[in-house]
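Residue-level structure breakdown
Chain by chain, the residues:
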Amino acid sequence: QQQVKQSPQSLIVQKGGISIINCAYENTAFDYFPWYQQFPGKGPALLIAIRPDVSEKKEGRFTISFNKSAKQFSLHIMDSQPGDSATYFCAASTRGSTLGRLYFGRGTQLTVWP
Amino acid sequence: DSGVTQTPKHLITATGQRVTLRCSPRSGDLSVYWYQQSLDQGLQFLIQYYNGEERAKGNILERFSAQQFPDLHSELNLSSLELGDSALYFCASSRTANEKLFFGSGTQLSVL
C-alpha cells in the first residue's frame, strides 16, 4: 500500500501564482520529509526537507508546512515561474533505519503558464 | 549535474534475458541506493549498499540482485526479464547512510 499519499496528480498555475501540493502519511515512525523535483529525462533532485520538530521551513520561494497531529505536510511554491514546471514528489523516511530508504508519493505534475 | 553516473542511459532487450545496470556514485559517497520508477508503482526503493555491504532491502524481486564493489561503484543485475520490468531505474548516492540523496539520470529499460 502507498505509505505516502500525494495530491493533486496534476496542477496548472498561472505565472506568479501559488502552487500547493499536499501529502499525507500514516507511519508515525517517519521523521524526515523531503520534497524532490524531477524534470523530464532527469533524476529527482532534492528541493527542500523538513523534520517533524518544526512546523514550517522556507527556502526562497519554496515552503514546507508540516502538521504532525494531522500527519500531513505540504509544499508551497510562491510566485510560480514557468521554469518550475516539473514533477514534484513528496517522500518520507525514518532516521532509525536509513534516511535513504524513501517512501515516495505518486508525484504531482506542475505546469506553470506564462 | 548530480555527480552520479548511470550507464547505459537506454537498454532494450527481450523477455527472458539478463541485463546489468551500472552506477558510479559521487566522489566520496559511501552509500548507493537503487530505485525503480514505473507508471504502475511510482518510485520504489529496491536496495541500499553502504561501503560494500547490503544495508537495506525494499521491494526487490528475487530475479534482481545488486552489489557494490571495492571502488564503490554498484551494479544492478536483472534476470529472467519480464515485460513488467520495463521501467526507469535510478541510482542514488549519499555520503553516509543518513545524509541526503543525489540521484543519477537513470537507465530506461524496455523489455520487448
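Structure's up top.
This write-up is about the structure you can find in this document. (Residues numbered from 1 in each chain as written. Chains lettered and ligands numbered in written order. Predicted model: local features only at pLDDT ≥ 70, side-chain atom pairs only at ≥ 80, totals over all residues. Heavy atoms only, no water.)

**Regarding the overall build of chain B**
- Along chain B, the regular secondary structure elements total 0 helices and 11 strands.
- Sequence-ordered secondary structure for chain B, helices as α and strands as β, is β-β-β-β-β-β-β-β-β-β-β.
- Taking 2.2 N^0.38 as the reference for a compact globule, 112 residues should give roughly 13 Å; the C-alpha atoms of chain B span a radius of gyration of 13 Å, in line with that estimate.
- Projecting the C-alpha coordinates of chain B onto the three principal axes gives extents of approximately 35 × 30 × 25 Å.
- Out of the 112 residues belonging to chain B, those deemed buried represent 51%.
- Taking as baseline every contact in chain B between residues at least 6 positions apart, the subset at least 24 positions apart corresponds to 55%.
- Approximately 5,300 Å² of chain B is accessible, and the part contributed by carbon and sulfur atoms is 47%.
- Each charge class in chain B can be summarised by its mean position, and for the 9 positive and 11 negative side chains these summaries are 5 Å apart. (Helix = DSSP H or I, 4+ residues; strand = E, 2+ residues; numbered from the N terminus. Rg over C-alpha atoms; globule rule 2.2 N^0.38 Å. Buried < 20%, exposed > 50% of the residue type's maximum accessible area, 1.4 Å probe, protein only. Contact = heavy atoms within 4.5 Å. Areas by Shrake-Rupley, 256 points an atom, 1.4 Å probe, with all protein chains shown as cover. Lys, Arg positive; Asp, Glu negative; His and termini not counted. Charge placed at Lys NZ, Arg CZ, Asp CG, Glu CD.)

**As for the layout of surface pockets**
- Roughly 580 Å³ of internal volume is contained in the largest pocket.
- As for the largest pocket, its lining consists of 22 residues, and the residues nearest its centre are T87, F89 and R106 of chain A together with Q37 and L39 of chain B.
- Within the residue set of the lining of the largest pocket, elements represented by two or more residues are strand 9 (86–92) and strand 11 (108–113) of chain A together with strand 4 (31–38), strand 5 (42–50) and strand 9 (87–94) of chain B.
- The volume enclosed by the second largest pocket comes to roughly 370 Å³.
- Taken together, 20 residues line the second largest pocket, and the ones lying closest to its centre are D1, S2, F103, G104 and S105 of chain B.
- Elements supplying a minimum of two residues to the lining of the second largest pocket: strand 5 (45–50) of chain A together with strand 1 (5–7) and strand 10 (102–103) of chain B.
- The residue makeup of the lining of the second largest pocket, split by class, is 8 nonpolar, 9 polar and 3 charged. (1 Å grid on protein atoms, 1.4 Å probe; cavity = no way out; pocket = protein on both sides within 12 Å on 5 of 7 lines; lining within 4 Å. Points joined across faces, edges and corners; volume = space filled by probe spheres on them. Nonpolar A, V, L, I, M, F, W, Y, C, P; charged D, E, K, R; others polar.)

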